[in-house]
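Now for the letters of each chain:
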Amino acid sequence: MKGLRRQAVLYFLVPAAVVAGALALSVPMGLLTVRTEGLGLGHLLLLAVLVGALLVPPVGGYRLTIHLANLLDEVREVIRRFGEGDFSATGLGPAPEAAELRVQMGETARSLQEQLYSLLAEKGQLEAMLAHMAEGVLLLDHKGRILALNPAAEGIFQVRREEVLGRYHLEITHNSELEERLRRVLAEGRSEAVEFTRAWPQEQVLEARLAPVYRGEEQVGALMVIHDITRFRRLERMRSEFVANVSHELRTPLTAIRGFAETLLEGADEDPETRRHFLSLMHKEAQRLSALIEDLLDLSRLESGRVRFQFGEVALGELCHEVAERLRPRADQAGLSLRVEIPPDLPPVRGDRDRLAQVLINLVDNAIKYTPSGGEIRVMARPEGAVVRVLVQDTGIGIPRSDLPRVFERFYRVDKARSRASGGTGLGLSIVKHIVEAHGGEVGVESELGKGSTFFFTVPAAGPTRLPGEE
Ligand code: ADP
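Turning to the overall build of the chain, a few remarks are in order. Helices and strands together make up the secondary structure of the chain, namely twelve helices and 14 strands. In the chain, buried positions account for 35% of the 471 residues.

This paragraph deals with the site of the ligand. Of all residues adjacent to the ligand, which total 22 residues, the nearest are Asn366, Tyr370, Ser419, Thr425 and Leu429. Note that an oxygen atom of the ligand is positioned 3.0 Å from one of the backbone N or O atoms of Val414. A distance of 2.6 Å separates an oxygen atom of the ligand from a polar side-chain atom of Ser419. Summarising the interface, the protein chains cover 98% of the accessible area of the ligand, which totals 530 Å² for the free molecule. Looking at the shell around the ligand, the elements that each hand over two or more residues are helix 10 (353–369), helix 12 (428–438) and strand 14 (452–460). Looking at the shell around the ligand element by element, the count peaks at three residues for helix 10.

Moving on: the packing of aromatic side chains. Under the counting rule described, the total for this entry stands at four aromatic pairs. An angle of 15 degrees between the planes, with centres 5.6 Å apart, marks the rings of Phe309 and Phe311 as stacked. Accessibility classification places Phe309 together with Phe311 in one group, the buried group. For Arg410, the ring lying beneath its charged end belongs to Phe242, and the centroid distance is 4.3 Å.

Before going further, it helps to examine the packing of helix 8 (residues 272–303) against helix 12. Relative orientation of the contacting elements helix 8 and helix 12 amounts to 25 degrees, with a least axis distance of 10 Å. Here helix 8 lies roughly parallel to helix 12, going by the angle between them. Taken as a pair, helix 8 and helix 12 cross one another with a handedness that is left-handed. Contact residues: helix 8 offers Asp295, Asp298, Leu299, Leu302 and Glu303, while helix 12 offers Gly428, Ser430, Ile431, His434 and Ile435. Residues of the contact of helix 8 with helix 12, tallied by class, amount to four nonpolar, three polar and three charged.

As a further point, take the sheet that holds strand 11 (residues 376–384). Spatial strand order, 9-11-12-14-13: five strands in an open sheet with mixed pairing. The open sheet has two edge strands, strand 9 (337–341) and strand 13 (443–448), and neither has a second partner. Taking the axes of each pair of neighbouring strands and ignoring which way they run, one obtains an average angle of 15 degrees across the sheet. Against the sheet, helix 10 makes contact with strand 9, strand 11, strand 12 (387–394) and strand 14, and its axis sits at roughly 175 degrees relative to strand 14, the strand it touches most.

With respect to the secondary-structure elements, Asp298 resides in helix 8. Not counting residues within four places of it along the chain, the set of residues in contact with Asp298 comprises Arg355, Gln358 and Ile431.

Strand order in the open sheet formed by five strands is 4-3-7-6-5, and the pairing between neighbours is antiparallel. Strands with a single pairing partner mark the edges of an open sheet, and in this sheet they are strand 4 (146–149) and strand 5 (192–198). Neighbour-to-neighbour, the strand axes of the sheet open up by a mean angle of 25 degrees, direction not taken into account. Both strand 6 (residues 204–215) and strand 7 (residues 218–228) contribute to a ladder of ten bridges, which runs antiparallel. Residue Glu207 lies in a different strand from strand 7, and its bridge partner there is His227. Contacts from helix 6 (residues 176–188) reach strand 3 (136–141), strand 5, strand 6 and strand 7 within the one sheet, and its direction differs from that of strand 5 by about 165 degrees.

Before going further, it helps to spend a moment on the environment of Arg231. Within the secondary structure, Arg231 sits in helix 7 (residues 230–265). Given the relative accessible area of 62%, Arg231 is considered exposed. Along the primary structure Arg231 and Gln204 are separated by 27 residues, whereas in three dimensions their C-alpha atoms are 8.7 Å apart.

The rules behind the values
Residues numbered from 1 in each chain as written. Predicted model: local features only at pLDDT ≥ 70, side-chain atom pairs only at ≥ 80, totals over all residues. Heavy atoms only, no water. Helix = DSSP H or I, 4+ residues; strand = E, 2+ residues; numbered from the N terminus. Buried < 20%, exposed > 50% of the residue type's maximum accessible area, 1.4 Å probe, protein only. Near = heavy atom within 4 Å. Polar contact = N/O pair within 3.5 Å; in protein donor to acceptor, adjacent residues only side chain to side chain. Areas by Shrake-Rupley, 256 points an atom, 1.4 Å probe, with all protein chains shown as cover. Phe/Tyr/Trp six-rings, centres within 6.5 Å; stacked < 30°, edge-to-face > 60°. Lys NZ or Arg CZ within 6 Å of the ring centre and 35° of its normal. Axes fitted to C-alpha atoms, helices over the stretch in contact; angles between N-to-C directions. Parallel < 35°, antiparallel > 145°, perpendicular 65-115°, else oblique. Left-handed = near helix turned anticlockwise from the far one by under 90°. Contact = heavy atoms within 4.5 Å. Nonpolar A, V, L, I, M, F, W, Y, C, P; charged D, E, K, R; others polar. Pairing = 2+ DSSP bridges.

Here is the structure:
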C-alpha cells in the first residue's frame, strides 16, 4: 500500500432513475480544502458542479419520497375499496410512474369483479336450487351435527333452522338405523341409502341418501338427502288394495256363475222350472259382472283424466225431472214414491249434461236400492250464492255415523250382502265424487240410521266464468 495516501472521500448519491438505482459521485475531500484565491475558470466550474451535486439530490430525493408515499397511499386505498367490493376505484393519479400500475390495477379489478360475479351467481343458483328442492338436504359434520339444512328439510322434520343448527341429526330424525348408516358413511367414505318411517308428528315414510363430503383429501362430514315417499308408498298400497278388491269383486259373480253352471250340468237342467231359475241367476250375475267392468272402466277413465267433459249451460231442473222419469218405473216397482221439487227460478248450471245425469242416476238409484217399500224419495235443488245445491233425500235404512266418511271410497259398502243383492258395485259413489269435483263442486251426505239419508252435491251456477274445456 506504499505510495497510497489515506484521504477522506465525500460520496454523493444522485438518483439516476426512479427505481433503477443511484449514481455514485465521489470527490476526494482534499479538493474541498483548496484555497479560494487564485481560482481559475476551470476550478470555478468544478466547484459549481460540486455544489449542484451537493444540493440537487436531497431536494429531488425528498420529492420522490413524498411522491412514492402518496402513490402507496393511493394503492392502499384502491386495495381497501377492492376489499369492499368496489372495483371502480383504479385511479392512481396522473403520475407517469403510475401508468403501468394503473393498467395492472384495472386488469386486476376486472378479473376480480368477474370472478366475484361468477361466484355470486353460482352461490345464488345453488341457494335457489336448495330452497326450491322438494327433497330435504342436511349438511352434517363428522360427528353428525347439523351444519346447514334447506327449507324442505325444515318442512319434512317440522323444525326451524335456527333451532336445529349445531344439534345432532338424531334429535330431529330420531332414527337409530340412519345413525348407524351415517357412521358407516363417515368411517368408510361410501354412499348409503336407507328407508325409514316416522310415526310422529305425522306418519311418514322417508328415504335418506347419505354421501361423504370432502375438503381436499379429508372427509369432513356427510350430506343427507331426504325424499318424502309417504305418498308414493300410500299409492302403492292403494294400488295393490285396489287390485285385490277388483279380483275379489270379479271372482264373486264368476264363482256364482260357475256354481250354477255346475249344478245345471249335474242334472238340475232336467227340470225346466229349476233350469230357468238357475239360468236367470246366472244372467243376473253376468249383468253384475258387466256393470262392475263398466264402472271400473269409467272410474279409471275419470281418475286418469282421460274423460273430456263437454261443459256448457245445463237446465238442471229439467235434468232432475228427466232422470226421475227414467227411474220412476223402478221406484214404482219398489213401492216408493218419487218426487221432484225444483223452484221455478232455479238458475241453469255450468256442466256436462250427460255426466250430471250420471250423478243424479247414481244417487236416485241408491235411494231406491236402500229404501224399503212404502218409503219416499225427494229430488230437490236450490240456488246458493254462486252454486246450485242438489239434494236426493230418502226415508231408507240410513248409514251408521262411523261409515259416513268412507261411503265415497271405492268398493266401500256398509252392508256388502245388501249392496250385492241389489246389484251394487260399490263404485257408484266414487264415480259421483269424481264427476262433481271435476265440475268444481262438492259432495256430501247426512244420514241417520233407520231414518234415511240425504246425499247432496253442488255445481257452479252458469255465469261469466268458464271452466276448462268449455267451448
Ligand atoms: P253400491 O253399488 O254398493 O251402492 P255406492 O258406491 O253407490 O255402491 O254406495 C256405497 C255404499 O254406500 C253402499 O254400499 C251403501 O252401503 C251406502 N249407500 C249409498 N247410498 C245409500 C243410501 N241412499 N242409503 C243408505 N246407504 C247408502
